[in-house]
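Topology and contacts: notes
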Amino acid sequence: MSELSGTDIDALSEAEARAELPGLIARIEAANTAYHTHDAPEISDADYDALKQRLAAIEAKFPSLKSESSPTEQIGGQLAEGFGKITHAVRMMSLANAFSDEDISEFDESVRNFLGLKADGPLTYTAEPKIDGLSLSIRYENGRLIHAATRGDGEVGENVTENARTISDIPQTLDNAPEIIEIRGEVYMSHADFEALNARAEKAGDKRFANPRNAAAGSLRQLDPKVTAARPLKFFAYAWGEHSEPLADTQIDAIARLETLGFKTNPLTRLCDGPGEMIAHYRDIEARRATLGYDIDGVVYKVNDLALQRRLGYRSTTPRWAIAHKFPAELAWTQLEGIDIQVGRTGALSPVARLTPVTVGGVVVSNATLHNEDYIAGRDSRGEAIRGGKDIRVGDWAQVYRAGDVIPKVADVDLARRPADAKPYEFPTHCPRCGSEAIREEGDAVRRCTGGLICPAQAVEKLKHFVSRAAFDIEGLGAKQVEQFYADGWIQEPADIFTLEERFGQGLQQLKNREGWGEKSARNLFDAIAERRTIALHRLIFALGIRHVGESSAGLLATHYGTWENFEAAMTRAEIGQGPDWEELLSIDGVGETLATSVVTTFHQEAERASIDRLTAYLTVEAAEKPKSDSPVSGLTVVFTGTLEKMTRAEAKARAEALGAKVSGSVSAKTDLVVAGPGAGSKAKKAAELNIRVIDEDEWIDLAGGA
Ligand code: IVH
């Protein structure tokens, strides 16, 4: 630390301060860039804090030397302005993953089943490399590039228009294009350009990028487009968002059209007549992988017929008409130096392997997950042996495995190299953070801390989750700031975030005096918090951090219940395992018993419930947007019964839901419409009794706007 401390501030003259400031600011900015842009911190948090404290102290002593753009005026190292946000006109989806040949046959089967196609009838797919970069959506209106946005959370991305304009593979204007067209694809960096960039960085004394994807992401997300322009980025187009007219009738022709428009498309894109050809092309691409000159992490298959793609539609975050066939994971051997226990927001004790750093598929890995105590002991959840029953011990040589973006895992250990004194690992029976007992409930693979909200680890993790991107996403309040505020006793639970400003009355003053916060950043933080007092229902449900409730199930719950009042009342009334509210919860496609039990339990736990009530008292919760639809079936509860002849049940249900209808399995007073095919029995009868409108399949197709 001594090399960072410099002359005592009290003794510092104004001239000395003036001379010192530029160097000090440059060091802080370099540390910020390393941390935020490259995700690769170069100095310890303590050293970083010391630098910022010194800067703040010098500025306090000589206010005239402080500039508006000083790092003390920025939050968490990020420029307060950052990138603007762009709401995607059509959501940017991700892809479901497949890992084996069987998964591909199952994919083909599921597509056929959904569409009601025969197992041996014709059905073609495209197959193309999955580029390991970052996705970008570029909007053109009347042939002119209007804006470009990163994927973000799929709904809202970052406005990187000026940076995208510097990429030579991206045309500034299009000839003979639809009036409105959003082109989507992957920004990536070639191996050669990556090596050259790293060589330049090394020469300049800067840090190397870990891999081409990080280099591409760091380059596209530069606040200064001149920096982006100096970094050689490339772009492959493979998809589209909003479009005022169709590009073609098939995927393969649409790709050809993208080329005509001036985009680069991947030369290894092929048409395949089924799983056999798809897998053969996958093997071919895999064999060429090392010589392509850019990173790919699998092969993407897409149903070729765009009319069928439309019929297949989407699950909550992925299309039914495409799948990513990932390449097998990469492996390396290294030594296990220790096992740390992390405590998550639901109290789960997760063992993490601390490893002697090793490169796995181009990325340096020093931590890997060990899943749970059974995994360490060499058992699966049913008590059966895994790894031939070998346990994992500190000191072992461990095989580390990494597939794409997922957290590396320890797959195996080498008994021949096990140190003689290595002892079986004893999994803690108490929480390492709060000392509460950690218990394992029957049927649960995980041991959990019973400390609940008194456990600081759980509380902090809950808060971090609460402010995360898909939840409240409060600008200037990230994981780091939450930890700081929690440690200072300023925020203990989510509700506290919304009283921060008033509790500190002169809080601005207090916050301002803290290292790292200036008047402007404190003001910005309070404004950002105030802005989130109005929040979308699905974000609130996700933010509560209820076990098993991820982003997509929060979305399902929000769409189903519509308003917070409805949701809260239903969860309060619901009884686990019985009654109409429980049945209703389970009727939601995608909600199973585990999730339902977890949600209902949370709403019936006194402390949890009180914490939720304290929070919602500060909020205005926006009702969930029903899927945008002016369809006459929007908002209706529909029951299908009997045989459908023109589409499968699955397709009829998905289509009805996409149009904003609710599909139910049984006829009741709440039913608005019954679609009855041949063979309809008791349900049609009951509908007649209840005076509910009954229509046949053709009428349904008319109502739903054609097949
Ligand atoms: S199609 C609606 N094709 O992979 C589906 N995606 O894991 C649109 N990706 O978010 C995506 N290469 O960023 C598609 N040839 C390819 C791709 C590709 C890379 C990325 C894309 C997507 C992610 C999903």
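Rules of the game
- Residues numbered from 1 in each chain as written.
- Predicted model: local features only at pLDDT ≥ 70, side-chain atom pairs only at ≥ 80, totals over all residues.
- Heavy atoms only, no water.
- UniProt positions renumbered as here; feature names shortened; annotations may be inferred.
- Helix = DSSP H or I, 4+ residues; strand = E, 2+ residues; numbered from the N terminus.
- Rg over C-alpha atoms; globule rule 2.2 N^0.38 Å.
- Buried < 20%, exposed > 50% of the residue type's maximum accessible area, 1.4 Å probe, protein only.
- Contact = heavy atoms within 4.5 Å.
- Pairing = 2+ DSSP bridges.
- Axes fitted to C-alpha atoms, helices over the stretch in contact; angles between N-to-C directions.
- Phe/Tyr/Trp six-rings, centres within 6.5 Å; stacked < 30°, edge-to-face > 60°.
- Lys NZ or Arg CZ within 6 Å of the ring centre and 35° of its normal.
- Near = heavy atom within 4 Å.
- Polar contact = N/O pair within 3.5 Å; in protein donor to acceptor, adjacent residues only side chain to side chain.
- Nonpolar A, V, L, I, M, F, W, Y, C, P; charged D, E, K, R; others polar.
- Core = buried A, V, L, I, M, F, W, Y, C linked by side-chain atoms within 4.5 Å.
- Lys, Arg positive; Asp, Glu negative; His and termini not counted.
- Salt bridge = Lys/Arg side-chain N within 4 Å of Asp/Glu carboxyl O.
- pLDDT = per-residue confidence, 0-100.

The name given to the protein in an unreviewed UniProt entry is DNA ligase, with the source organism recorded as Thioclava marina. Recorded in UniProt under Catalytic activity (unreviewed entry), the annotation for the protein is "NAD(+) + (deoxyribonucleotide)n-3'-hydroxyl + 5'-phospho-(deoxyribonucleotide)m = (deoxyribonucleotide)n+m + AMP + beta-nicotinamide D-nucleotide." Its UniProt record gives the protein a comment under Sequence similarities (unreviewed entry), which states: "Belongs to the NAD-dependent DNA ligase family. LigA subfamily."

1. A short note on the overall build of the protein
For the protein, the helix and strand inventory stands at 27 helices and 24 strands. A compact globule built from 707 residues should have a C-alpha radius of gyration of about 27 Å, and the protein, at 28 Å, falls within 12% of that. Reported as C-alpha extents along the three principal axes, the dimensions of the protein are approximately 95 × 60 × 60 Å. Across the 707 residues in the protein, those meeting the buried criterion constitute 47%.

2. Structural notes on the UniProt feature "binding site: Zn(2+)" (unreviewed entry) in the protein
When the UniProt feature table is mapped onto this chain numbering, "binding site: Zn(2+)" (unreviewed entry) sits at Cys431, Cys434 and Cys455. For the annotated residues, spread through 25 residues, the largest C-alpha to C-alpha distance comes to 8.5 Å, consistent with a single compact locus. By the element assignment, Cys434 lies in the loop between β16 (409-413) and β17 (438-439). A residue is classified by how much of its surface remains accessible, and Cys434, at 25% relative accessible area, is partly exposed. Leaving out residues up to four positions away in the same chain, Cys434 has contacts with Cys449, Gly451, Cys455 and Pro456. Here Cys455 shows up in the loop between β18 (448-449) and α13 (456-467). For Cys455, a relative accessible area of 0% puts it in the buried group. With residues up to four places along the chain from it excluded, the contact list for Cys455 reads Val343, Cys431, Arg433, Cys434 and Cys449.

3. Remarks on the sheet that holds strand β8 (residues 234-243)
Strand order in the open sheet formed by four strands is β5-β4-β7-β8, and the pairing between neighbours is antiparallel. With one partner strand each, in any of the chains shown, β5 (144-150) and β8 form the two edges of the open sheet. Across the sheet, the mean angle separating the axes of adjacent strands is 25° when strand polarity is ignored. Where strand β7 (residues 180-188) and β8 come together, seven bridges link them in antiparallel fashion. By the bridge assignment for β8, Ile183 is matched with Trp240. Seen against the sheet, helix α7 (residues 212-220) touches β4 (134-141), β5 and β7 and runs at an angle of roughly 40° to β4.

4. Notes on the sheet that holds strand β11 (residues 322-326)
Strand order in the open sheet formed by five strands is β2-β11-β10-β3-β9, with mixed pairing between adjacent strands. Each of the sheet's edge strands pairs with one partner strand only, and the pair in question is β2 (97-98) and β9 (270-272). Bridge analysis of strand β3 (residues 125-131) against strand β10 (residues 296-303) gives seven bridges, and the strand direction is antiparallel. Within β10, the residue paired with Thr126 across the bridge is Lys302.

5. Comments concerning the packing of aromatic side chains
By convention here, two paired aromatic rings are described through the distance between centres and the angle between planes. This structure, assessed with the given rule, holds 17 aromatic pairs. Both rings, one in Phe466 and one in Phe472, keep their centres 4.2 Å apart while their planes meet at 20°; by these two values the pair is stacked. Across the pair, Phe472 and Phe466 agree in class, each one buried. Between Trp564 and Phe603, the aromatic rings sit 6.1 Å apart at their centres with planes inclined by 45°, giving tilted as the arrangement. Taken together, the positions of Trp564 in helix α21 (residues 564-573) and Phe603 in helix α23 (residues 593-604) put the pair 39 residues apart, joining distant regions of the chain. Since its relative accessible area comes to 5%, Trp564 is described here as buried. Its guanidinium or amino end placed over the ring of Tyr375, Arg387 lies 4.7 Å from that ring's centre, counting from NZ or CZ. When the ring centre of Trp397 is taken as origin, the NZ or CZ atom of Arg417, which lies over that ring, is 4.2 Å away.

6. Considering the site of the ligand
Neighbouring the ligand are the residues Met93, Leu95, Glu128, Pro129, Lys130, Ile131, Ser135, Glu186, Tyr238, Val300, Lys302 and Pro319. In the environment of the ligand, a nitrogen atom lies 2.7 Å from a nitrogen or oxygen atom belonging to the side chain of Glu128. The contact in question runs from a nitrogen atom of the ligand to an N or O atom on the backbone of Pro129, over 3.2 Å. For the shell around the ligand, the elements supplying multiple residues, two or more each, are β3 and β10. Counting residues per element, the shell around the ligand draws most heavily on β3, which supplies four residues. Split into classes, the residues belonging to the shell around the ligand amount to seven nonpolar, one polar and four charged.

7. A look at the nonpolar core
Ranked by internal contacts, the top residues of the largest apolar core, which has 57 residues, are Ile497 and Leu557. Residues contacting Ile497, with those up to four places away along its chain left out, are Leu463, Phe466, Val467, Ile474, Leu477, Ile491 and Ile529. One finds Leu134, Met189, Ala215 and Leu247 within the second-largest nonpolar core, a separate group that totals 34 residues.

8. Points about the side chain of Asp496
With respect to the helices and strands, the residue Asp496 is situated in helix α15 (residues 494-497). Here Asp496 occupies a buried position and makes no salt bridge, while the nearest side chain of opposite charge, Arg503, is found at 4.8 Å. Those residues in contact with Asp496 that lie beyond four places of it in its chain are Trp490, Ile491 and Arg503.

9. Focus on the confidence of the model for the protein
Residues with a pLDDT of 70 or more make up 93% of the protein, whose mean pLDDT is 89. Here residues 75-81 scores under 50 on pLDDT; set against residues more than four positions off or in separate chains, the count is 18 contacts.

10. Topic: the pairing of strand β13 (residues 349-360)
Sheet topology note: the strand β12 (residues 330-343)/β13 ladder contains seven bridges and is antiparallel. Bridging from a neighbouring strand, Ile339 pairs with Ala353 of β13. In this antiparallel pair of consecutive strands, β12 and β13, the connection spans five residues, and Gly347 shows a positive phi of 85°. Summarising the sheet, β13 and strand β14 (residues 363-369) pair through six bridges and their orientation is antiparallel. Following the sheet pairing, Ala353 is matched in β14 by Ala368.

11. Things to note about the UniProt feature "binding site: NAD(+)" (unreviewed entry) in the protein
Within the UniProt annotation, "binding site: NAD(+)" (unreviewed entry) is assigned to Asp45, Ala46, Asp47, Tyr48, Asp49, Ser94, Leu95, Glu128, Arg151, Glu186, Lys302 and Lys326. Among the residues examined, Tyr48 registers a relative accessible area of 9% and is labelled buried. Mapped onto the elements of the fold, Glu128 is located in strand β3. What Glu128 contacts, discounting residues up to four positions off in sequence, is Tyr238, Leu268, Thr269, Ile285, Gly298, Val299, Val300 and Lys302.

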